[in-house]
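Now for the letters of each chain:
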Amino acid sequence: IKTQFYPNEESIIVASFNDSKVARQTADELKDLKPTMLEYIDSELFAIARKHGKKFLFDKPNTGDSSASVLYISFSDFSAKARHRNMKKAIKVLSKVEAGVLTSDDYSNEELRAILEVSASVLQPESKDDSFPSLIDGASVPVDKLEDFISSVNELAEKQHVELPLQIRWQSGVIRTRPCLQLHIISDKQKVFRLMSEYANLVSSFGGCMVTESSEGRLKTTATYCQIDKDVLALYEQIRTTFDPFGT
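The rules behind these values
- Residues numbered from 1 in each chain as written.
- Predicted model: local features only at pLDDT ≥ 70, side-chain atom pairs only at ≥ 80, totals over all residues.
- Heavy atoms only, no water.
- Helix = DSSP H or I, 4+ residues; strand = E, 2+ residues; numbered from the N terminus.
- Buried < 20%, exposed > 50% of the residue type's maximum accessible area, 1.4 Å probe, protein only.
- Contact = heavy atoms within 4.5 Å.
- pLDDT = per-residue confidence, 0-100.
- Axes fitted to C-alpha atoms, helices over the stretch in contact; angles between N-to-C directions.
- Parallel < 35°, antiparallel > 145°, perpendicular 65-115°, else oblique.
- Left-handed = near helix turned anticlockwise from the far one by under 90°.
- Nonpolar A, V, L, I, M, F, W, Y, C, P; charged D, E, K, R; others polar.
- Phe/Tyr/Trp six-rings, centres within 6.5 Å; stacked < 30°, edge-to-face > 60°.
- Core = buried A, V, L, I, M, F, W, Y, C linked by side-chain atoms within 4.5 Å.
- Pairing = 2+ DSSP bridges.
- Salt bridge = Lys/Arg side-chain N within 4 Å of Asp/Glu carboxyl O.
- Lys, Arg positive; Asp, Glu negative; His and termini not counted.
- Polar contact = N/O pair within 3.5 Å; in protein donor to acceptor, adjacent residues only side chain to side chain.

Tell me what's going on with the overall build of the chain, and back it up with residues and numbers.
Each helix and strand counted, the chain has eight helices and seven strands in total. The C-alpha extent of the chain, read off along each of the three principal axes, is 55 × 45 × 30 Å. Counting across all 248 residues of the chain, residues that qualify as buried make up 41%. Put simply, of all contacts in the chain between residues at least 6 apart along the chain, 76% involve residues at least 24 apart.

If you had to explain the confidence of the model for the chain to someone new, which residues and values would you point to?
Residue-level pLDDT values for the chain average 88, and 96% of them are 70 or greater. Confidence, expressed as mean pLDDT per element, reaches its minimum in the chain at helix H7 (residues 217-224) with 80 and its maximum at strand S2 (residues 37-41) with 95.

Can you explain the packing of helix H6 (residues 186-205) against H7? Please cite residues and give values.
Packing of H6 against H7 leaves a shortest axis separation of 8 Å and a crossing angle of 50°. The angle between H6 and H7 falls in the class oblique. Note that H6 runs across H7; the crossing there is right-handed. Of the residues in H7, those in contact with Phe193, Met196, Ser197 and Ala200 of H6 are Leu219, Lys220, Thr222 and Ala223. Looking at side-chain class alone, the contact of H6 with H7 contains five nonpolar, two polar and one charged residues.

Kindly report on the packing of aromatic side chains, identifying the contributing residues and their values.
Think of a pair of aromatic rings as described by two things: how far the centres are apart, and how the planes are tilted against each other in angle. One pass over the full model with this rule turns up six aromatic pairs. Seen from their ring centres, Phe46 and Phe56 are 4.9 Å apart, and the 90° between their planes marks the pair as edge-to-face. Of this pair, Phe46 sits in helix H2 (residues 43-51) while Phe56 is found in the loop between H2 and strand S3 (69-75), placing the two residues 10 residues apart along the sequence. On the basis of relative accessibility, which here comes to 0%, the residue Phe46 falls in the buried class. Ring plane angle 85° and centroid distance 5.2 Å describe the contact between Phe46 and Phe58, whose orientation is recorded as edge-to-face.

Help me get a handle on the nonpolar core, residues and values and all.
In this structure, Leu30, Ile73, Phe149, Ile168, Trp170, Ile175 and Tyr199 are the most contacted members of the largest nonpolar core, which totals 43 residues. Breaking this core down by element, the ones donating at least two residues are strand S1 (11-17), helix H1 (20-30), S2, S3, helix H3 (80-95), helix H5 (146-160) and H6. With seven residues, the top contributor of residues to this core is H6. The residues contacting Trp170, other than those within four sequence positions of it, are Arg24, Ala27, Asp28, Lys31, Leu38, Tyr40, Val143, Leu146 and Ile150. Within the second largest apolar cluster, 19 residues are counted, among which are Ile48, Ala49, Ala68 and Phe132.

Break down unusual backbone geometry for me, with residues and values.
Notably, Lys34 is not glycine yet its phi reads approximately 55°, a positive angle. For Lys34, the location among the structural elements is in the loop between H1 and S2.

Tell me about the sheet that holds S1, and please be specific about residues and values.
One open sheet accounts for seven strands, arranged S4-S1-S3-S2-S6-S7-S5; its pairing is antiparallel. Of all strands in the sheet, those with a lone pairing partner are strand S4 (100-103) and strand S5 (139-140), marking the two edges. In the packing of H3 onto the sheet, contacts are made with S1, S3 and S4, and the angle to S1 comes to roughly 10°.

Go over the pattern of salt bridges, please, and point to the residues and values.
Counting across every chain of the model gives 11 salt bridges. The residue Asp28 makes a salt bridge to Lys31 at a minimum N-O spacing of 3.7 Å. A network of salt bridges, in which partner residues are shared, links Glu10, Glu110 and Arg113.

Give me the side chain of Asp130: which residues, what numbers.
Assignment of secondary structure puts Asp130 in the loop between helix H4 (109-113) and S5. For Asp130, which is buried and forms no salt bridge, the nearest opposite charge comes from Lys51, at a distance of 8.7 Å. Here the side chain of Asp130 touches Gln182 through a polar contact of 3.0 Å, side chain to side chain.

Help me get a handle on the environment of Glu111, residues and values and all.
Inspection of the secondary structure puts Glu111 in helix H4. With a relative accessible area of 38%, Glu111 lands in the partly exposed category. The spacing of Glu111 and Glu155 is 44 residues in sequence and 35 Å in space, taken between C-alpha atoms. At 3.1 Å, the side chain of Glu111 and the backbone nitrogen of Ser108 are in polar contact.

And the structure:
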């Protein structure tokens, strides 16, 4: 175990794009700058948030424009000079595309960080019958396969008649998404298992991992264990026996 100093200073850029694909292509270029955080957020998440009365710094005045996908970029170098240099390089990359750019030079870090909390809006359903269960949150796929994976997720969402807005940590390929379901309806209860199974198959087909941020839990187990190699499962059993010999 090693410890490292944690820098208190942070320089942030929030870039909004009308074209989601351009946003993701720009993320590919920006990750070479090795930012502390590089997050891609689908426009659909902001659309959901606006329905709950949320407003964002990059909204166009009097339009309620919900077409923007967003990149959140931050640098936490100890050296102010290094942060400034990286910010300058990032802004140069963004200047080559059509993007609205907000920086911590003009806004407080608290205002810019609030944009990351947009995903919390999906936990506030529009009606009491809606819910956004954490069924498939926290999967990951290799970064170089993200674009193809996103296309496949869109096809899956259309097939299952759900929306799957994505929030992606672009450097690690960790993906968060929550479907809106009405779990008092039998068809949506059945959809839970179909969606988990097909999403897990999709993640596996791209060489990804269904569980990266937390344990799989009881529901995810049905989808994740069938993706695990038998030798790996045997290893898990041995580890459990070592630490829990009486099966408690």
